[in-house]
Amino acid sequence: MSGSLWLKPPSTETPLPAIPRPRREQVPGGPRPGHAGAPAATTDRGPAAPAGSTAARTTGTAPGADRAKAPGPSTAHGVRPAPAVGAPVPAGGPTFVAGHPPPAAGAPVPPHPGPLADDPLDELASRLGGLVAVAVHPDEIAAVLESDGMTDDHIRLTYGRADSFALAEDLYARVERRHPAPEAPPDGAWHTGLAGCLLRGLVFALPGLAYVLAAPLLAGDQGRFGLPGGTVPLLAGAVTGWVWNQALAHRAYTWLGLGDRPAAARTLLLGAPAGALAGTAVALAAAAPGETPAALFAAGQSLYLAAATVLLVLGRERALLGALAPLAGAVPAFRWDLPDLLRAGLLLTALTASVTLAGLVLAPGARRRAAGRGGPPRAASLPYGLFGLGSGLLVLQAGVGGTPVSGAGAVIALTLSMGPAEWLLHRFRGESLTRLRTQSTAREFRRAVTGTLVLCLGGYLAVLVGLTLAVTLAWPGAPWPTGPRLVTLLLLGTVLWLGLLLQAFGAVLSAAAVCLLAAATQALQPAAGPVAAGGAAAVLTVLTCVLLARPTAHRA
């Protein structure tokens, strides 16, 4: 047939090698059968005929039939009678049961029954037990057998299996599974100490003392939009700096994740001055006549934000804390009036120290160029800048009059809480990785991760309430938070923490969209602040539960 293949039908049984027949033991020193001097063998019917005689050809006995039976008399039925009392029983001789014919002439003599031999498969399972117990599929065992040099012929001869795959399936079924528990990951980016995060929270909040020192210098007439004079250029410069530096920090952290610290330093060297210039330009453009001091302060604020971004990304929190030490002189300003020259001197000292330290840290990056790779795409950092814009607007609206949560106390509490918030984010990440190793089903993992999420979020909100009460007690003249204000503050804290959590897991675009929508709603309708914060918290909670309940979201 044209185009057809004639295939040989497969055999139904796997041929096994022939088993050698056992030989009859010879008496030491005695003559061999068929040799001269050997006694003539007898049969049940009398003496055997000589080889080649007519009787031998007539009876049809095959050569070697003289070894088929042990010599001795027999009955008419061909069954050997029992030996007489006291007669010796031939050792190893065949025994036939009455009523059954003896084996045909020339058939092999069955061996004497004895104890069963050990199964070689048991010995192989014992030798390879450690490898077989951790295998997840028989093919893994087959690969081990083949790498051990076992051929199919050896497997058929030794273990009576067709090939390595059949032997692997038997071993897989015979040995119990004993998968070892995965080792705990070493301390890394998601295992950090509480002290370091608290230090970062303190560094985040200390610049707020600069506003206390600069308050008399910025005092002026009533500003626009019902805000104090100079507020608009300050807010414009601050928001611009937050957006720019958030995106810049993401790009630098990406370089650090790739193991290229010089490239990260060069990114900061180019991006930080550009961010400072952008913030200054926006502040000057937003300043109205008579708000020049506020615009100059906003320029210094943009320069500090750029320097702080460099130091924080490169892990120099302690150096930044030392640079901000002069701002501690603002503490007496809560009770007494300080000279304007002293206020300006403290501000310039802190700013100069921060910029100088940032320049010293970036000096190696200026001397060493980045690697030849193109690096991460710049567009990938844009969502992080948008998230910085949305979260920054929410925090600013918490401290501006006209919203349920007003006053500098709420802003300071939110800023200080960023340190514990960061530690709880690390804690959640570490606990989720632990659950990923220890839980065996997706349902158990989902339940465990949800419980960890509730504990971490509840811990952050408890810290936020405690900081709010502490700031209220320490701040002279700060209003005591009422129930609605405290609830709105907790909703805002929920939005910020869940947004940071989604950003850490790569869902930054969703978090940025929710924060921007909530900030726009509060800006258009300040009375709808609690509703906007509650809606944003609910949406982010659903997104977090849907995303982080999947085990694949936690795999690095």
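Residues numbered from 1 in each chain as written. Predicted model: local features only at pLDDT ≥ 70, side-chain atom pairs only at ≥ 80, totals over all residues. Heavy atoms only, no water.

Caption draft 1: Looking closely at the overall build of the protein. Broken down by element type, the protein carries 20 helices and 2 strands. Burial status across the protein gives 36% buried among its 556 residues. Here the analysis covers contacts within the protein between residues at least 6 apart in sequence; of these, 74% occur between residues at least 24 apart. Taken as a whole, the protein presents about 31800 Å² of accessible surface, with 64% of it coming from carbon and sulfur. (Helix = DSSP H or I, 4+ residues; strand = E, 2+ residues; numbered from the N terminus. Buried < 20%, exposed > 50% of the residue type's maximum accessible area, 1.4 Å probe, protein only. Contact = heavy atoms within 4.5 Å. Areas by Shrake-Rupley, 256 points an atom, 1.4 Å probe, with all protein chains shown as cover.)

Caption draft 2: Seen up close, the packing of aromatic side chains. Under the defined criterion, the tally for this structure stands at 2 aromatic pairs. A centroid spacing of 5.5 Å and a plane angle of 65 degrees characterise the contact between Tyr 211 and Phe 297, whose relative ring orientation is edge-to-face. One end of the pair, Tyr 211, is in helix α8 (residues 208-218); the other, Phe 297, is in helix α11 (residues 292-313), and 86 residues separate them in sequence. Given the relative accessible area of 17%, Phe 297 is considered buried. Measuring from ring centre to ring centre gives 6.2 Å for Phe 428 and Phe 505, while their planes differ by 75 degrees; the resulting arrangement is edge-to-face. You can see Phe 428 sitting in helix α16 (residues 418-438) and its partner Phe 505 sitting in the loop between α18 (483-504) and α19 (508-524), a full 77 residues away along the chain. Grouping residues by exposure puts Phe 428 and Phe 505 together as buried. (Phe/Tyr/Trp six-rings, centres within 6.5 Å; stacked < 30°, edge-to-face > 60°.)

Caption draft 3: Inspection of helix α2 (residues 120-127) at higher detail. Within α2 the residues assigned to the buried category are Leu 121, Leu 124 and Ala 125. End-on, the buried residues of α2 take up no more than an arc of 100 degrees, which puts them together on one face. The inward-facing, buried residues of α2 abut α3 (129-133), α4 (138-147), α5 (152-159) and α6 (164-174). (Arc of directions from axis to C-beta.)

Caption draft 4: Structural detail: the environment of Gly 237. One can find Gly 237 in helix α9 (residues 231-257). C-alpha of Gly 237 to C-alpha of Thr 280: the two residues are 43 residues apart in sequence and 6.3 Å apart in space. Once residues lying within four places of it in the same chain are set aside, the contact partners of Gly 237 are Gly 279, Ala 283, Gln 301 and Ser 302.

Caption draft 5: Just the packing of α9 against helix α10 (residues 261-286), in detail. α10 packs onto α9 with a crossing angle of 170 degrees between their chain directions and a minimal axis gap of 8 Å. In this view, α9 runs roughly antiparallel relative to α10, as classed from their interaxial angle. As α9 runs across α10, the sense of the crossing is right-handed. For the contact of α9 with α10, the class distribution of residues is 17 nonpolar, 6 polar and 2 charged. (Axes fitted to C-alpha atoms, helices over the stretch in contact; angles between N-to-C directions. Parallel < 35°, antiparallel > 145°, perpendicular 65-115°, else oblique. Left-handed = near helix turned anticlockwise from the far one by under 90°. Nonpolar A, V, L, I, M, F, W, Y, C, P; charged D, E, K, R; others polar.)

Caption draft 6: Expanded view of the pattern of salt bridges. A full pass over the atoms with the stated rule returns 9 salt bridges. In this structure, Asp 122 engages Arg 174 in a salt bridge whose closest nitrogen and oxygen atoms are separated by 2.4 Å. Residue Asp 122 is found in helix α2, and its partner Arg 174 is found in helix α6; the two are separated by 52 residues along the sequence. Looking at Asp 122, the relative accessible area reads 41%, which means it is partly exposed. The salt bridge partner of Glu 431 is Arg 427, with a shortest N-O separation of 3.6 Å. Taken as a pair, Glu 431 and Arg 427 lie in helix α16 at a separation of 4 residues, close to a single helical turn. One network of salt bridges, with partners in common, ties together Asp 119, Asp 122 and Arg 174. (Salt bridge = Lys/Arg side-chain N within 4 Å of Asp/Glu carboxyl O.)

Caption draft 7: Summary view of a nonpolar patch on the surface. Together, Leu 382, Leu 386 and Leu 509 make up a nonpolar patch on the protein surface, roughly 280 Å² of accessible area in all. Structurally, Leu 386 is set in helix α14 (residues 382-399). (Patch = residues over 30% accessible without salt bridge, like charges linked within 9 Å, V, L, I, M, F, W, Y side chains within 5 Å.)

Caption draft 8: Broad picture of α11. A rise of 1.5 Å per residue sets the reference length of α11, with its 22 residues, at 32 Å; its end C-alpha atoms lie 32 Å apart and thus fit the reference within 8%. Where burial is concerned, most of α11 is hidden: 18 out of the 22 residues are buried. (Expected span 1.5 Å × (residues − 1).)

Caption draft 9: Seen up close, the confidence of the model for the protein. On average, residues of the protein score 75 in pLDDT, and 69% of them are at 70 or above. Considering each helix and strand of the protein separately, the mean pLDDT is smallest for helix α1 (residues 54-59), with a value of 40, and largest for α6, with 91. This model gives residues 1-12 a pLDDT under 50, and the stretch forms 1 contact once residues within four places in sequence are excluded. Per-residue pLDDT stays below 50 along residues 402-406; that stretch engages in 19 contacts with residues further than four places along the chain or on separate chains. (pLDDT = per-residue confidence, 0-100.)

Caption draft 10: A look at the nonpolar core. Ranked by size, the top nonpolar core spans 45 residues in total, and within it Leu 268, Leu 320 and Leu 327 carry the most contacts. Of all the secondary structure elements, the ones that give two or more residues to this core are α7 (194-205), α8, α9, α10, α11 and α13 (340-367). Beyond its immediate sequence surroundings of up to four residues, Leu 327 is in contact with Leu 206, Pro 207, Leu 209, Ala 210, Leu 213, Leu 346, Leu 347 and Ala 350. Core analysis: the second largest hydrophobic core is formed by 43 residues, Leu 414, Leu 457, Leu 498 and Cys 515 among them. (Core = buried A, V, L, I, M, F, W, Y, C linked by side-chain atoms within 4.5 Å.)

Caption draft 11: Region of interest: the side chain of Arg 343. Take Arg 343: it is sitting in helix α13. If near-sequence neighbours (up to four positions away) are discounted, Arg 343 is found in contact with Val 212, Leu 213, Pro 216, Ala 333, Trp 336, Asp 337 and Leu 338.

Caption draft 12: Highlighting the environment of Leu 517. By the element assignment, Leu 517 lies in helix α19. Residue classification places Leu 517 among the exposed positions, given a relative accessible area of 60%. As a C-alpha pair, Leu 517 and Ala 536 span 19 residues in sequence and 8.2 Å in three-dimensional space.

Caption draft 13: Region of the structure containing the packing of α4 against α6. α6 packs onto α4 with a crossing angle of 120 degrees between their chain directions and a minimal axis gap of 8 Å. Considered as vectors, α4 and α6 are oriented oblique to each other. Regarding α4 and α6, the two cross each other, and that crossing is right-handed. Taking contact as the criterion, the partners of Pro 138, Asp 139, Ile 141, Ala 142, Leu 145 and Glu 146 in α4 are, on α6, Ser 164, Phe 165, Leu 167, Ala 168, Glu 169, Leu 171 and Tyr 172. Here the contact of α4 with α6 is built from residues that sort into 9 nonpolar, 1 polar and 3 charged.

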